[in-house]
Amino acid sequence: MFDHLSPRGLLDAAAEAVRARRLAEVRDLEVIAAWAAVHSGEPVGPGRRMNPLVVVGGEGTPRVQDHALGEIALARGSGVAATINALADVLDLQHRLPLTWAVVREGGAEVYVARRVARMSRHLPLGVVGVVDAAVARMVATEAPGRVLTVAEGKVIEADPALHEERVEAEQQRRYVGLGRSDEFGLRTLIARLDAGDAAWVQATVMRVAEIITPGHPDASADEVRAIALGYLARPAELLALLVEHETTTDQPESAGATGSAGAAGPVTDGEPLPPSRATAFPADLLSVLRAKDLTKLRPKATLYVHLHEATLLGAQGVARVEELGPRTLGGLQQLLATTQVTVKPVIDLADAVRTTAYEHPESIKERVHLITGGDY
């Protein structure tokens, strides 16, 4: 089809194809916006109360009849949520970011970049969103998408710093640490959302521990070693002992730092050691205290419920079930408890019929009820 074109002609065809694609995306958005304009008035008829006007875009965009959203989604062969998102973006571009929209309408910029900017700035009041619009319009046609979005992110903050601080405070309250269910291999997924600075220090600590323990795991991949290193954060006594044991000082030979294996001294640049990492470095006085202290007392305490048939302990084939961790082989259970101080409590036989006539159930009864009805969760 393009065999007759010269190299220059192919370049022109490629540029035109990109522009045509962009203009097709613009037309799709303009059709949705036109449909919204037709259905932006108060609905009439007996079912008007069931068809309210809804706001899909930011401040200053027109409202749209709720039922109209499903109709246009069906005509586009798209989901309702996707259509609502597209409509919100184009309404924001038309009514809140007109300078950016003018560039996009001419095919001069990627539509998805402009839509991302619309979503990033949707929470801003109409009176200040122009700060974002002016900055993005100047560069959206000439700069890389990543650069445009980086600038837009900064301009969103600049447009209303007080509002940004409120949003930061609200997001701080959404920090969490979550655990998935244990799989059949005794593994769990850990997911966390935390301060960016804390996340950086967690990574630095994990990388330092991984550096120390790598020689002891020659057959493990880098990902596996880092996962093992992360486990040390759950055992602060072992973590401190490990870091103290491998602590180096600035008095050591320069080659120690140059090899990249040093802790406090760190790597050496132009013969001078870099400042120690906050994640792994210890002041001298703290080091002496840690070396003399019994760090085993820092181990966390937990109650572990293990369901195990007595025949398994006598050599029969069997599986132990650990509450919240799932089934494990006897060897896997031994590995789980290998680095802990175990206090064995009396066996709780759930087959025993235990009763109480007290108004408040004693803790022993509560524990039995939990073990009988709770199970893994």
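Structural notes, computed from the coordinates. (Residues numbered from 1 in each chain as written. Predicted model: local features only at pLDDT ≥ 70, side-chain atom pairs only at ≥ 80, totals over all residues. Heavy atoms only, no water.)

### Comments concerning the overall build of the protein chain
To be explicit about the condition: Here a strand is any run of E in DSSP of at least two residues, a helix any run of H or I of at least four, and the numbering for each starts at the N terminus. Only protein chains enter the calculation, and the probe is 1.4 Å; a residue is then buried if its accessible area is under 20% of its type maximum, exposed if over 50%, and partly exposed in between. Method for areas: the Shrake-Rupley scheme with a 1.4 Å probe, in which residue coverage is limited to the protein chains shown.
Counting its regular elements, the protein chain contains 16 helices and nine strands. For the protein chain, with 377 residues in total, the buried portion stands at 28%. Accessible surface, the protein chain as shown: approximately 24,200 Å² in total, 57% of it carbon and sulfur.

### Describing the pattern of salt bridges
Stated formally: Here, a salt bridge means any Lys or Arg side-chain nitrogen found within 4 Å of an Asp or Glu carboxyl oxygen.
Throughout the structure, instances matching the rule amount to 18 salt bridges. Of the charged contacts in the structure, one is a salt bridge between Glu 110 and Arg 21, with a shortest N-O distance of 3.0 Å. Of this pair, Glu 110 sits in the loop between helix H4 (98–105) and helix H5 (111–120) while Arg 21 sits in helix H1 (residues 7–38); the two residues are 89 residues apart in sequence, bridging distant segments of the chain. Residue Glu 110 is classed as buried on the basis of its relative accessible area, which comes to 17%. Note that Arg 193 and Glu 171 form a salt bridge whose closest N and O atoms lie 2.9 Å from each other. Of this pair, Arg 193 sits in strand S4 (residues 190–193) while Glu 171 sits in helix H8 (residues 161–172), and the two are 22 residues apart along the sequence. The class of Arg 193 is partly exposed, set by a relative accessible area of 37%. The exposure class assigned to Glu 171 is partly exposed, which follows from its relative accessible area of 30%. By sharing partners, the salt bridges in this structure join Asp 89, Asp 92, Arg 96, Arg 115, Arg 119 and Arg 122 into a single network.

### Some remarks on the layout of surface pockets
The condition that has to hold: In the cavity and pocket records, a cavity denotes points on a 1 Å grid over the protein atoms alone where a 1.4 Å probe fits but cannot get out, a pocket denotes an open set with protein on both sides within 12 Å along at least 5 of 7 lines, and lining residues are residues with an atom within 4 Å of a point. Grid points are joined across faces, edges and corners, and a volume is the space filled by probe spheres set on the points. Note that Gly is not counted as nonpolar here; it falls among the polar residues with everything else outside the nonpolar set of Ala, Val, Leu, Ile, Met, Phe, Trp, Tyr, Cys and Pro and the charged set of Asp, Glu, Lys and Arg.
Volume-wise, the second largest pocket comes out at about 400 Å³. Forming the boundary of the second largest pocket are 15 residues, of which Glu 153, His 164, Arg 167, Val 168 and Glu 171 lie nearest the centre. Per element, the largest residue contribution to the lining of the second largest pocket is five residues, and it comes from H8. The residue makeup of the lining of the second largest pocket, split by class, is six nonpolar, three polar and six charged.

### Things to note about the packing of aromatic side chains
Just so we agree on the cut-off: By convention, a stacked pair of Phe, Tyr or Trp rings (six-membered ring in the case of Trp) has centres within 6.5 Å and planes under 30 degrees apart, an edge-to-face pair has planes over 60 apart, and any other such pair is tilted. A positively charged side chain is recorded as over a ring if its NZ (Lys) or CZ (Arg) lies within 6 Å of the ring centre. The angle to the ring normal must also be within 35 degrees.
Following the criterion strictly, the structure yields zero aromatic pairs and no others. Arg 235 extends its terminal NZ or CZ atom over the ring of Tyr 232, reaching a point 5.0 Å from the ring centre.

### Digging into the nonpolar core
We count it as follows: Throughout, nonpolar core names a set of buried Ala, Val, Leu, Ile, Met, Phe, Trp, Tyr and Cys residues whose side chains join them through atoms within 4.5 Å. The contact criterion used is simple: two residues touch if any of their non-hydrogen atoms lie within 4.5 Å.
Grouped together as the largest cluster of nonpolar side chains are 37 residues, with contacts concentrated most on Leu 87, Trp 101, Val 104, Val 117, Leu 124 and Val 136. Residue assignment for this core shows that the elements contributing at least two residues are H1, helix H3 (80–95), H4, H5, helix H6 (130–139) and helix H7 (145–159). Those residues in contact with Val 117 that sit more than four places away from it in its chain are Leu 97, Val 132, Val 136, Leu 149 and Ala 152.

### Topic: the environment of Asn 51
Position of Asn 51 among the secondary structure elements: in the loop between H1 and strand S1 (53–54). Taking the C-alpha atoms as reference, Asn 51 lies 8.6 Å from Ala 68; in sequence the two are 17 residues apart.

### Let's talk about the packing of H3 against H5
Rules: Orientation is described by lines fitted to C-alpha atoms, with helices fitted over the stretch in contact, and by angles between N-to-C directions that extend from 0 to 180 degrees. Orientation is classified from the angle alone, with under 35 degrees giving roughly parallel, over 145 giving roughly antiparallel, 65 to 115 giving roughly perpendicular, and any other angle giving oblique.
Where H3 meets H5, the axes come as close as 9 Å, and the angle between the chain directions of the two elements is 85 degrees. Accordingly, the angle class assigned to the pair H3 and H5 is roughly perpendicular. Contacts between H3 and H5 involve Asn 85, Ala 86, Asp 89, Asp 92 and Leu 93 from the former and Ala 114, Arg 115, Ala 118 and Arg 119 from the latter. When its residues are assigned to classes, the contact of H3 with H5 shows four nonpolar, one polar and four charged.

### A word on the packing of helix H9 (residues 196–213) against helix H10 (residues 222–232)
In plain terms, the rule: Take the far helix as the reference: if the near one is turned anticlockwise from it by less than a right angle, the crossing is left-handed, and if turned clockwise, right-handed.
Where H9 contacts H10, the two axes come as close as 8 Å, and the packing angle between them is 110 degrees. One element, H9, and the other, H10, form an angle in the roughly perpendicular class. Crossing geometry of H9 relative to H10 is assigned as right-handed. Here Val 202, Val 206, Met 207, Val 209, Ala 210 and Ile 213 of H9 come into contact with H10, specifically with Val 225, Arg 226, Ile 228, Ala 229, Leu 230 and Tyr 232.

### A look at a nonpolar patch on the surface
We count it as follows: Residues forming no salt bridge and having over 30% relative accessible area are the ones grouped into patches, like charges within 9 Å of each other and nonpolar side chains (Val, Leu, Ile, Met, Phe, Trp, Tyr) within 5 Å.
There is a patch of nonpolar side chains on the surface, built from Val 177, Leu 179, Leu 190, Leu 230 and Leu 233 and spanning about 450 Å² of accessible area. Tracing the sequence through the fold places Leu 179 in strand S3 (residues 176–179). On the accessibility criterion, Leu 179 (57% relative accessible area) is exposed.

### Side note on the sheet that holds strand S8 (residues 320–322)
Short version of the rule: The pairing criterion is simple: DSSP has to find at least two bridges between the two strands.
The strand order across the open sheet formed by three strands is S7-S8-S9, and the pairing between neighbours is antiparallel. Because the sheet does not close on itself, it has two edges, and the strands there are strand S7 (306–307) and strand S9 (326–328). Where S7 and S8 come together, two bridges link them in antiparallel fashion. Counted as the bridge partner of Val 306 is Val 322 from S8.

Keep in mind these numbers describe shape, not what the thing actually does.
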